[in-house]
Amino acid sequence: WRFAFYGSSNAMITDSTIGEAFSTGSSVIRLTRSSVNYASSQSSATLWAYDSSINLLSAGSSSTSWLLNTTYNTLNIQHAARVYVGWYLDVHVVDAIDQDVPSANLTITYSNTTTADSKLTDDNGWVRFALMEKMINATAQYPVGNYTVEATYLTHSNATTANMTANKQIELAFEDFVIPEFAHFLILPLFMIS
């Protein structure tokens, strides 16, 4: 199958295997968990690809393509087109005895100390970020470099660096801290009940 989108089209292709996805004008295509032999983004079109694979990606004019956890074999980039490549970073925060730390604050910063993202860990101590590896245009590749990953909980903190060239999982441990038996958000309701 070949799908072509013109003008200001907006399309979502999910869980599919297709031969071609072509967009031009100000069209937007979103590919999710799909395999595409040939994807083309022209004019000022935008291609979003999540958890997919593309054999050949052609980007031209002033189009923008975002590839998150998406592999490609060949890129053909012309004019002022840009392709952004990103991956998932899964962070697990634990205490000194390897217990999960829920509601720990995770902050991701670029090498220039600008904040890229910030989130809280879930009940199991995990959090997921989508971070860019590089931007590619017709003349060169521009890698982001190392991110600083910092976890804080109350007065405790720990940090490491991550260079996002693929999906990664890291664990940050608070070596001087053991999570209380009751999480802090349960203490006030228990006090009020008693």
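Residues numbered from 1 in each chain as written. Predicted model: local features only at pLDDT ≥ 70, side-chain atom pairs only at ≥ 80, totals over all residues. Heavy atoms only, no water.

Asks: What am I meant to see in the nonpolar core here?
Replies: Generally speaking, a soluble globular protein has its nonpolar side chains buried in company with each other. With 43 residues, the main nonpolar core has Ile54, Leu89, Val91, Leu106 and Val149 as its most contacted residues. Take this core: its biggest share by element is six residues, from strand S10 (residues 82-94). The contact partners of Leu106, leaving out residues within four places of it in the chain, are Val91, Val93, Asp117, Ser118, Lys119, Thr121, Val127, Phe129, Val149, Glu150, Ala151 and Leu172. (Core = buried A, V, L, I, M, F, W, Y, C linked by side-chain atoms within 4.5 Å. Buried < 20%, exposed > 50% of the residue type's maximum accessible area, 1.4 Å probe, protein only. Helix = DSSP H or I, 4+ residues; strand = E, 2+ residues; numbered from the N terminus. Contact = heavy atoms within 4.5 Å.)

Asks: Whenever I open this one, unusual backbone geometry confuses me. Can you help?
Replies: Keep in mind that most residues, glycine aside, have a negative phi and that most peptide bonds are trans. Phi at Thr113 takes a positive value of approximately 70°, unusual for a residue other than glycine. Mapped onto the elements of the fold, Thr113 is located in the loop between strand S11 (105-109) and strand S12 (115-120). Even without being glycine, Leu154 reaches a positive phi, approximately 55°. Among the secondary structure elements, Leu154 is positioned in the loop between strand S15 (146-153) and strand S16 (156-163).

Asks: How should the sheet that holds strand S3 (residues 17-23) be read in this particular structure?
Replies: Pairing between the strands of a sheet comes from backbone hydrogen bonds, and it takes one of two forms, parallel or antiparallel. Spatial strand order, S1-S3-S5-S7-S9: five strands in an open sheet with parallel pairing. The open sheet has two edge strands with one neighbour each: strand S1 (2-5) and strand S9 (71-77). When the angles between neighbouring strand axes are averaged without regard to direction, this sheet yields 10°. Across four bridges, the pairing between S1 and S3 is parallel. Looking at S3, one finds that Phe5 is bridged to Ser23. (Pairing = 2+ DSSP bridges. Axes fitted to C-alpha atoms, helices over the stretch in contact; angles between N-to-C directions.)

Asks: Sorry, what's going on with the side chain of Thr46 here?
Replies: One can find Thr46 in strand S6 (residues 46-50). Overall, the relative accessible area of 17% leaves Thr46 in the buried class. Residue contacts for Thr46: discarding those within four places in its chain leaves Ser27, Val28, Ile29, Ser41, Thr64 and Trp66.

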